[in-house]
Amino acid sequence: MSSNLAEMESRILQKYQRDINCLSDENRATRKRAVERLKRATVDASKSLSKEELQETFELLIKHLLKLFSDPVEKCRELSIELVSEFAPLVKDFSTALTYVMPVMVARLGQQDIVEPSEELRLSMIVMLASFIDLCGQKISPYLNDTVMILQRTLVDPYHEVKKESCNCCCKLALAAPREFHMEAESLVKPILCSIGHQHSRVRVACIKALGITIQHGSATSIDNALLQLAQRSSDQAPSVRACLSLIIGNWLLDLYDRYSYQYKLMPLLLTFFYDEVEDISKSAVEHWDKIGAKYEEENEKDLKDQMDFPTQPKVPSQLSLVVASWCKETSQKFFLHCSKT
């Protein structure tokens, strides 16, 4: 079996050696044609190639293609990025290439100053990074620091599409490697907040979603830094932004690990959506409110037993409403206590 593998490697090397040599040619047209020929012979012909052959070919070509990511000619950079993006999903295990790919990605996207001048190529690369996270899953975790370093820069990129896709990457990364992401999540909050007031409503929505999952999988202490911007977005002119924020606040109050420490800060935000001009938003906020009350009852059943059996509060429409009222009372007390201290 090893002899067959060696024969395959030798055959693949012989097949592509000329094009590999052309990738480093001084002539820009020669480099461009070499990438195009490689694409036709690999990605475009993938149905006629075995998974093993695709894997070996990819491992042979990847280092040479990555060098073109910094080619002085934009078209060569574009074609190499396109080839790597389309080739990656075709191989058996892309994670083996991360050792070579991530340093190049950091060099192109993760620097203090913008290295890649083309905003469309920056977008292509961040879309490619999102696909890498999907392909590798938990295997991305050894490179989580590199990925976070990239996102810290791309989240504040001047191009709004790069901002949006970077937010998408944050969400994917949190789900792919939750344990490792928890340690780095707080460093992403500030760049997300820098873009949360962007003029495009879709960017604002993307930022709110990314903030929601970043804090959910990170530290709740970041809520203190985000509270002012969230309060501003609660009166956003775009219904999609308010709907997204209402959902995120509701989810935090339901599932945030340290939610009881922040309920008195988050509860007023959720209340602002009760009488939103869009019926679906107000309805969703009320539904979340009831779910929060039900969960409060479940988690505080012993403390609430006497109140449930011998209610001293005014008559309410349902047993659930009584629970919600008890929860509101306790949370309000925390809120006013905080106000008196500050």
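From a predicted model like this one, the values you see are computed outputs, not experimental measurements. (Residues numbered from 1 in each chain as written. Predicted model: local features only at pLDDT ≥ 70, side-chain atom pairs only at ≥ 80, totals over all residues. Heavy atoms only, no water.)

A. Broad picture of the side chain of K163. Take K163: it is sitting in helix 8 (residues 160-176). Buried charge K163 goes without a salt bridge, the closest partner of opposite sign being D157 at 6.9 Å. Leave out the neighbours within four places in its chain, and K163 touches T154, L155, V156, D157, S195, H198 and V203. (Helix = DSSP H or I, 4+ residues; strand = E, 2+ residues; numbered from the N terminus. Buried < 20%, exposed > 50% of the residue type's maximum accessible area, 1.4 Å probe, protein only. Lys, Arg positive; Asp, Glu negative; His and termini not counted. Salt bridge = Lys/Arg side-chain N within 4 Å of Asp/Glu carboxyl O. Contact = heavy atoms within 4.5 Å.)

B. Region of interest: the side chain of R77. One can find R77 in helix 4 (residues 74-87). Residues contacting R77, with those up to four places away along its chain left out, are L68, F69, S70, D71, P72, R108, E116, P117, S118 and L121.

C. Just helix 14 (residues 263-271), in detail. Within helix 14, seven of the nine residues are buried, leaving the element largely enclosed by the surrounding structure. What helix 14 keeps buried is the set Q263, Y264, K265, L266, M267, L269 and L270.

D. Seen up close, the nonpolar core. One finds F69, F94, M105, L211, L230, I249 and W252 to be the most contacted residues of the largest nonpolar core, which totals 103 residues. Top contributing element to this core by residue count: helix 6 (residues 119-136), with ten residues. What L211 contacts, discounting residues up to four positions off in sequence, is V189, I192, L193, I196, A226, L230 and W252. (Core = buried A, V, L, I, M, F, W, Y, C linked by side-chain atoms within 4.5 Å.)

E. Structural context of the packing of aromatic side chains. By the definition in use, this model includes four aromatic pairs. Relative to F94, the ring of F58 has its centre 5.7 Å away and its plane inclined at 55°; by these criteria the two rings are tilted. Pair noted here: F58 is in helix 3 (residues 51-67) and F94 is in the loop between helix 4 and helix 5 (98-109), with a separation of 36 residues, a long-range link. The buried category is assigned to F94, whose relative accessible area is 4%. On the numbers, 5.2 Å between centres and 80° between planes, the contact of F274 with W289 is edge-to-face. On the criterion of sequence distance, the pair formed by F274 in the loop between helix 14 and helix 15 (279-299) and W289 in helix 15 is long-range, its members being 15 residues apart. Like W289, F274 is buried. One aromatic cluster is present, built from ring pairs that chain together F58, F87, F94 and F132. (Phe/Tyr/Trp six-rings, centres within 6.5 Å; stacked < 30°, edge-to-face > 60°.)

F. View of the pattern of salt bridges. All chains considered together, the criterion is met by 21 salt bridges. Put simply, D19 and R37 hold a salt bridge, and the shortest N to O gap is 2.7 Å. Residue D19 is found in helix 1 (residues 2-22), and its partner R37 is found in helix 2 (residues 28-41); the two are separated by 18 residues along the sequence. Salt-bridge contacts for K265 lead to D224; the nearest nitrogen and oxygen are separated by 2.4 Å. Placement of K265 in helix 14 and of D224 in helix 12 (residues 223-233) is noted, with a sequence separation of 41 residues between them. D224 gets classed as partly exposed once you look at its relative accessible area, which sits at 38%. Bridged by salt links that share partners, the residues R18, D19 and R37 form one connected network.

G. Highlighting the packing of helix 13 (residues 239-255) against helix 14. For the pair helix 13 and helix 14, the least separation of the axes is 10 Å and the interaxial angle reads 145°. Between helix 13 and helix 14 lies a crossing whose hand is left-handed. Facing helix 13, whose interface residues are S246, I249, G250, W252 and L253, helix 14 presents Q263, L266, M267, L269 and L270. Counted by class, the contact of helix 13 with helix 14 contains seven nonpolar, three polar and no charged residues. (Axes fitted to C-alpha atoms, helices over the stretch in contact; angles between N-to-C directions. Left-handed = near helix turned anticlockwise from the far one by under 90°. Nonpolar A, V, L, I, M, F, W, Y, C, P; charged D, E, K, R; others polar.)

H. Representation of the confidence of the model for the protein chain within the structure. Mean pLDDT over the protein chain: 89, with 87% of residues reaching 70 or higher. Predicted confidence for residues 316-320 stays below pLDDT 50, and this span has six contacts to residues more than four positions away or in other chains. (pLDDT = per-residue confidence, 0-100.)

I. Broad picture of the state of the cysteines. Summed over the entire model, instances satisfying the criterion amount to zero disulfides. We note that C171 lacks a disulfide partner, and the nearest cysteine sulfur, in C170, lies 6.7 Å from it. (Disulfide = S-S within 2.5 Å.)

J. Region of the structure containing the packing of helix 8 against helix 11 (residues 201-216). Closest axis-to-axis distance for the helix 8/helix 11 pair is 9 Å, and the angle between their directions is 20°. Accordingly, the angle class assigned to the pair helix 8 and helix 11 is roughly parallel. For the pair helix 8 and helix 11, the sense of crossing is left-handed. Between helix 8 and helix 11, the contacting residues are H160, K163, K164, C167, C170, C171, A174 and L175 on the first element and R202, V203, A206, C207, K209, A210, I213 and T214 on the second. The residue makeup of the contact of helix 8 with helix 11, split by class, is ten nonpolar, two polar and four charged. (Parallel < 35°, antiparallel > 145°, perpendicular 65-115°, else oblique.)

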